[in-house]
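# Close look at the chain arrangement
This is what each chain is made of:
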Amino acid sequence: MTLLLRARRAGGGFVAGAVTCVLLLAVAGCSPTTSATGSKGYVSGTGAITTFPPAKRQPAPVLQGKDLSGRPITIDPGRSLAVINVWASWCGPCRAESDDLVAAARRLHDVPFYGIDIRDDRSAAQAFVRNAGIHYPSLFDTGGQALLRFHDIVTITSPPTTLVLDRRGRVAAVVSGELTTDTLVGLVHDMVKRS
């Protein structure tokens, strides 16, 4: 409130300041109580599942950047089923669900899995992936650019968030919070049946 009042008194800066605050929250992909380090004030999702009917589905964007080792990476599922998991090494529910994701990727061996690592330290992220036995690629998205590409498609408020894409590469389901192997496998199988 103080920030906005100061911007108003400065004259002409009120709208610009408000827009900047909204954009920063969108880029960060977090609630106002979520800290950048994921420690104090972190608010996890509830595990709620949102599904979209075919007529409301939008294609997932093509994402480009660097992987956890600093090599160029492109996440482009194209017109295919895929799973995209938004995670961070500092996120407790991400650590808790990692075994389930690895098991789901093993059971769904024909479905591409991708990760988007957000607001993280590269070495901590590398250790997390190594210790969890995660073998699918992850985009290192510490600045939030990848999440911003989803802005008009789906709301991603905090990690972990998992997106399930249908056979046409469209976002068909979102799990906001920790998931289980059976939940994810069931969602993907449902996409196969309904596509």
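Residues numbered from 1 in each chain as written. Predicted model: local features only at pLDDT ≥ 70, side-chain atom pairs only at ≥ 80, totals over all residues. Heavy atoms only, no water.

## Examining helix H3 (residues 92–107)
As a reminder, the rule being used: Each helix is a run of H or I in the DSSP string that is no shorter than four residues. Each strand is a run of E no shorter than two, and both are numbered from the N terminus. Expected helix span is taken as 1.5 Å per residue step, with the number of steps being one fewer than the number of residues. The angle between axes fitted to the seven-residue stretch ending at a residue and the seven-residue stretch beginning at it gives the bend at that residue. Here the term buried applies to any residue with accessible area under 20% of the maximum for its type, exposed to any over 50%, and partly exposed to those in between, with areas from a 1.4 Å probe on protein chains only. By the convention used here, residues are in contact when the closest approach between their heavy atoms is within 4.5 Å.
Helix length check: H3 (16 residues) gives 24 Å between terminal C-alpha atoms against 22 Å at 1.5 Å per residue, within 8%. Of all bends in H3, the biggest is about 40 degrees, found at Ser-98. Of all the positions in H3, only Pro-93, Cys-94, Glu-97, Ser-98, Leu-101, Val-102, Ala-103 and Ala-104 are classed as buried. Packed against the buried residues of H3 are strand S4 (82–87), strand S5 (113–118), helix H4 (122–132), strand S7 (161–165) and helix H6 (181–194).

## Quick word on the state of the cysteines
The following threshold applies: For this text, the term disulfide refers to a pair of cysteine sulfurs within 2.5 Å.
Tallied over the full model, the rule gives one disulfide. Across the disulfide, Cys-91 is cross-linked to Cys-94 (sulfur-sulfur distance 2.5 Å). Linking Cys-91 and Cys-94, the disulfide has an S-S dihedral of approximately 80 degrees and is accordingly described as right-handed. With respect to burial, Cys-91 and Cys-94 carry one shared label: buried.

## Let's talk about the pattern of salt bridges
Inclusion rule: Salt bridge, as used here, is a side-chain nitrogen of Lys or Arg placed within 4 Å of a carboxyl oxygen of Asp or Glu.
A full pass over the atoms with the stated rule returns four salt bridges. Residue Asp-182 is joined to Arg-107 by a salt bridge in which the shortest nitrogen-to-oxygen separation is 3.1 Å. Taken as a pair, Asp-182 in helix H6 and Arg-107 in helix H3 lie far apart in primary sequence, 75 residues in all. The exposed category is assigned to Asp-182, whose relative accessible area is 56%.

## What to know about the pairing of S5
Rules: Between any two strands, at least two bridges found by DSSP are needed for them to pair. Whether a crossover is right-handed comes down to one check: with the strands pointing away from the viewer, does the path from the first strand over the helix to the second run clockwise; if it does, it is right-handed.
Most of S5 is tucked away: six of the six residues are buried. Two elements, S4 and S5, share five bridges in a ladder whose sense is parallel. Along S5, the bridge assignment pairs Val-83 with Phe-113. For the handedness criterion, the β-α-β arrangement of S4, H3 and S5 is classed as right-handed. In this structure, S5 lies alongside strand S6 (residues 138–141), joined through four bridges in parallel fashion. Bridging across to S6, Gly-115 finds its partner in Ser-138. Traced from S5 through H4 to S6, the parallel crossover comes out right-handed.

## Comments concerning the nonpolar core
Note the threshold: Within this scheme, the nonpolar core is defined by two criteria: the residues are buried Ala, Val, Leu, Ile, Met, Phe, Trp, Tyr or Cys, and they are joined through side-chain atoms within 4.5 Å.
Counting residues in each nonpolar core, the largest one holds 52 residues, and the members touching the most others are Ile-75, Ile-84, Phe-113, Ile-116, Phe-150 and Leu-184. Each residue touching Ile-84, except ones within four places of it in the same chain, is listed here: Ile-75, Tyr-114, Ile-116, Phe-150, Thr-161, Thr-162, Leu-163 and Leu-165.

## What to know about the packing of aromatic side chains
Keep this limit in mind: Here is the rule: rings of Phe, Tyr and Trp (six-membered ring for Trp) pair when centre to centre is within 6.5 Å. Planes less than 30 degrees apart are stacked, more than 60 are edge-to-face, and the remainder are tilted.
Under the definition given, this model contains two aromatic pairs. Here Trp-87 and Phe-128 contribute two aromatic rings whose centre-to-centre distance is 4.9 Å and whose plane-to-plane angle is 20 degrees, an arrangement assigned as stacked. You can see Trp-87 sitting in strand S4 and its partner Phe-128 sitting in helix H4, a full 41 residues away along the chain. With relative accessibility at 10%, the residue Phe-128 sits in the buried group.

## Things to note about the confidence of the model for the protein chain
Stated formally: On a scale of 0 to 100, pLDDT captures the predictor's confidence in every residue.
When pLDDT is averaged along the protein chain, the result is 82; 76% of the residues meet or exceed 70. With pLDDT under 50 throughout, residues 1–42 is counted as low confidence; its partners more than four residues away or in other chains account for 42 contacts.

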